[in-house]
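Coordinate analysis (summary)
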Amino acid sequence: MALSLNNIVNVDMVFSPKAAQTRGFGILCILGDTKNVITAGEGYRTYTSSDDVATDFGDDAPETLAAMAYFSQSPKPQTLIIAEPWDSTTDTAISTHVSKLFADYGRNFYGFITATSATVSDDEILKIAQIVESSADSHIYGITLTDLTCANSVYTDESTDLPSKLKRGQFTRTIVFASEYDANDSAYRLNKYLVASALGRMFSVNFSGSMTTITLKFKQAPSLQPTNLTQSQDTNLSARNVNKYAIFSNDTYIIEEGVMSSGMWADERHGSDWLQDLIQTTVYNVLYQSKTKIPQTDDGVARLMAAVANAIDQAVINGFVAPGVWNSDPFGDLESGAYLEKGYYLYAPSVNDQLQNEREARKSPVIQAGIKLAGAIHSVPIIVNINR
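What you see is a predicted model; the values in this text were computed from it and never measured.

**Section: the pairing of strand β5 (residues 140-145)**
Most of β5 is tucked away: 6 of the 6 residues are buried. Because side chains alternate across β5, one face comprises the buried residues Ile 140, Gly 142 and Thr 144, and the other comprises Tyr 141, Ile 143 and Leu 145, equally buried. For strand β4 (residues 111-115) and β5, the ladder comprises 2 bridges, and the chain directions are parallel. Considered in β5, the bridge of Phe 112 is made with Tyr 141. This β-α-β element, β4 to helix α4 (residues 122-134) to β5, shows right-handed connectivity. Bridge count for β5 against strand β6 (residues 174-178) is 5 bridges, and the pairing is parallel. When the sheet's bridge partners are listed, Leu 145 is paired in β6 with Ala 178. In this view, the connection linking β5 to its parallel neighbour β6 by way of helix α5 (residues 162-168) has right-handed handedness.

As structure tokens, then:
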């Protein structure tokens, strides 16, 4: 019998662990109340078209209409999920159902709306907004108002309508749309789910591409009817941070303004959630996939900072971050007024300056990043000087 070559050259093939995956930031979850479709304990079903939703729920079910508004967008979002239904005939509050849904499956989706035959009260909507705001995983909660009463009154700090309460609560993860609705006109039947259409446009963004990020303003809502507002009504809704699909005098229809209830731009909410997850996952994978330990040295910290830089570089590539002037507080070697040529700046103090208890706990020094968002132009002042 021939001798094994292992006696002379012994080769072991060692595979790296499969990298942890980032979350999906283009998946909408719809919670409805249609019974006898999704069974108890199923959790949710995944859909890639409104036709498949209609097959399961019927052509006129709230879940189907919301899915139609979502998938009618151009470019088309790829996926949505419909959760195990809320039983609107019992005493169980919908917010209680939402709380369990988020605890069990929250990492599997990003956007969330309700599409129910039963009316959801303002108090329950506020409770859901609070659940979304405090959730461990980042989400966006979408609401469509079809009662436009608040559009006819000036916003004050005493206004008691729902969007006014959401604004004063500074909810950064709730987005509200107002839309005309006529139950007797089939042209308007999707208008109850205008927010699903808007989220569908947002969720079509591929953050892994080049110059792919968008602003929500100026986009359309295919298959839905725009709302004809007076200037006063538009102003009153905007004062409450309520978005609309509006008719302009040049016969164009656009979504405006694209803000969360707090006034934060919706694209900045979406992009920052994506970037936070990418940085977290990228740094985790450096620790997880390393064959040897990451030493608690300046060289080790540099490896972690390189991972952070790689993540932010993608934010520059997709257009979320761009070069610009840093106008915030200084830190590290970064001064206010400095120009960020890369669009970002990274800083970490030396491990030699760490407190002993932090070193013994094997903590990295704090890595700080300053990033300059690319933003978006929403209005253009133009001065034309005429000389005779």
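**With respect to the packing of helix α1 (residues 50-57) against helix α2 (residues 62-71)**
The geometry of a pair of packed helices is captured by two quantities: the angle between their axes and the separation between those axes. Between α1 and α2, whose axes approach to 9 Å, the crossing angle comes to 175°. Accordingly, the angle class assigned to the pair α1 and α2 is roughly antiparallel. Residues Ser 50, Val 53, Ala 54 and Phe 57 of α1 lie in contact with α2, whose contacting residues are Glu 63, Thr 64, Ala 67, Met 68 and Phe 71. In terms of residue class, the contact of α1 with α2 is built from 6 nonpolar, 2 polar and 1 charged.

**Details of the packing of aromatic side chains**
Across all of its chains, the model carries 13 aromatic pairs by this definition. When the ring of Phe 331 is compared with that of Tyr 345, the centres are 5.5 Å apart and the planes differ by 55°; the resulting orientation is tilted. Taken together, the residues Phe 331 in the loop between β9 (324-325) and β10 (339-340) and Tyr 345 in strand β11 (residues 344-347) connect sequence positions 14 residues apart. Take Phe 331 and Tyr 345: they sit in the same class, and that class is buried. The cationic tip of Arg 23 hangs over the ring face of Phe 25; the distance from NZ or CZ to the ring centre is 5.2 Å. A cation sits over an aromatic face here: Lys 167 above Tyr 155, 4.2 Å from the ring centre.

**Some points on the pairing of β4**
The side chains of a regular strand alternate, first on one face of the sheet and then on the other. Judged by how many residues are buried, β4 sits mostly within the fold: 5 of 5 residues are covered. What you see with β4 is no split at all: Gly 111, Ile 113 and Ala 115 on one side and Phe 112 and Thr 114 on the other are buried throughout. Relative to β4, strand β1 (residues 27-32) runs parallel, the two sharing 5 bridges. Bridge pairing in β4 places Gly 32 opposite Ala 115.

**Observations regarding the side chain of Lys 217**
Within the secondary structure, Lys 217 sits in the loop between α6 (194-202) and α7 (231-239). Among residues more than four places away in sequence, those in contact with Lys 217 are Ile 255, Glu 256, Glu 257 and His 378.

**A look at α6**
The buried count for α6 comes to 9 of 9 residues, which makes it a mostly enclosed element. Where α6 is concerned, the buried positions are Leu 194, Val 195, Ala 196, Ser 197, Ala 198, Leu 199, Gly 200, Arg 201 and Met 202.

**Topic: the pattern of salt bridges**
Counted by the stated rule, this structure contains 14 salt bridges. For Lys 127, the salt bridge identified is with Glu 124, shortest N-O distance 3.5 Å. In this pair, Lys 127 and Glu 124 both sit in helix α4, 3 residues apart, roughly one turn of the helix. By relative accessible area, Lys 127 is classed as partly exposed at 41%. For Glu 256, the salt bridge identified is with Lys 244, shortest N-O distance 3.5 Å. With a gap of 12 residues between them, Glu 256 in strand β8 (residues 253-256) and Lys 244 in strand β7 (residues 242-247) connect regions that are remote in the sequence. Each of the two residues, Glu 256 as well as Lys 244, counts as buried.

**Concerning the sheet that holds β7**
If you walk across this open sheet you meet the 8 strands as β2-β3-β1-β4-β5-β6-β7-β8, and the pairing is mixed. Pairing within the sheet leaves two strands with one partner each, and these edge strands are β2 (44-47) and β8. Strand-to-strand, the axes of this sheet are offset by a mean angle of 25°, without reference to chain direction. Set on the sheet, α1 makes contact with β2 and β3 (79-83); between it and β2 the angle comes to about 140°.

**Observations concerning the layout of surface pockets**
Computed from the structure, the largest pocket encloses a volume of approximately 660 Å³. Val 120, Ile 125, Thr 144, Leu 145 and Thr 146 are the residues nearest the centre of the largest pocket, which is lined by 27 residues in total. Sorting the residues of the lining of the largest pocket by element identifies β4, α4, β5 and α5 as the ones contributing at least two each. The element best represented in the lining of the largest pocket is β5, accounting for 5 residues. The residue inventory of the lining of the largest pocket, partitioned by class, reads 13 nonpolar, 9 polar and 5 charged.

**Remarks on the environment of Gly 370**
With respect to the helices and strands, Gly 370 occurs in strand β12 (residues 368-371). Judged by relative accessible area, which is 0%, Gly 370 ranks as buried. Residues Gly 370 and Gly 343 lie 27 residues apart in sequence; the distance between their C-alpha atoms is 8.4 Å. For Gly 370, the residues in contact, after removing those within four places along its chain, are Trp 326, Phe 331, Leu 340, Gly 343, Tyr 344 and Tyr 345.

What counts and how
Residues numbered from 1 in each chain as written. Predicted model: local features only at pLDDT ≥ 70, side-chain atom pairs only at ≥ 80, totals over all residues. Heavy atoms only, no water. Buried < 20%, exposed > 50% of the residue type's maximum accessible area, 1.4 Å probe, protein only. Helix = DSSP H or I, 4+ residues; strand = E, 2+ residues; numbered from the N terminus. Pairing = 2+ DSSP bridges. Right-handed = clockwise from strand over helix to strand, strands pointing away. Axes fitted to C-alpha atoms, helices over the stretch in contact; angles between N-to-C directions. Parallel < 35°, antiparallel > 145°, perpendicular 65-115°, else oblique. Contact = heavy atoms within 4.5 Å. Nonpolar A, V, L, I, M, F, W, Y, C, P; charged D, E, K, R; others polar. Phe/Tyr/Trp six-rings, centres within 6.5 Å; stacked < 30°, edge-to-face > 60°. Lys NZ or Arg CZ within 6 Å of the ring centre and 35° of its normal. Salt bridge = Lys/Arg side-chain N within 4 Å of Asp/Glu carboxyl O. 1 Å grid on protein atoms, 1.4 Å probe; cavity = no way out; pocket = protein on both sides within 12 Å on 5 of 7 lines; lining within 4 Å. Points joined across faces, edges and corners; volume = space filled by probe spheres on them.

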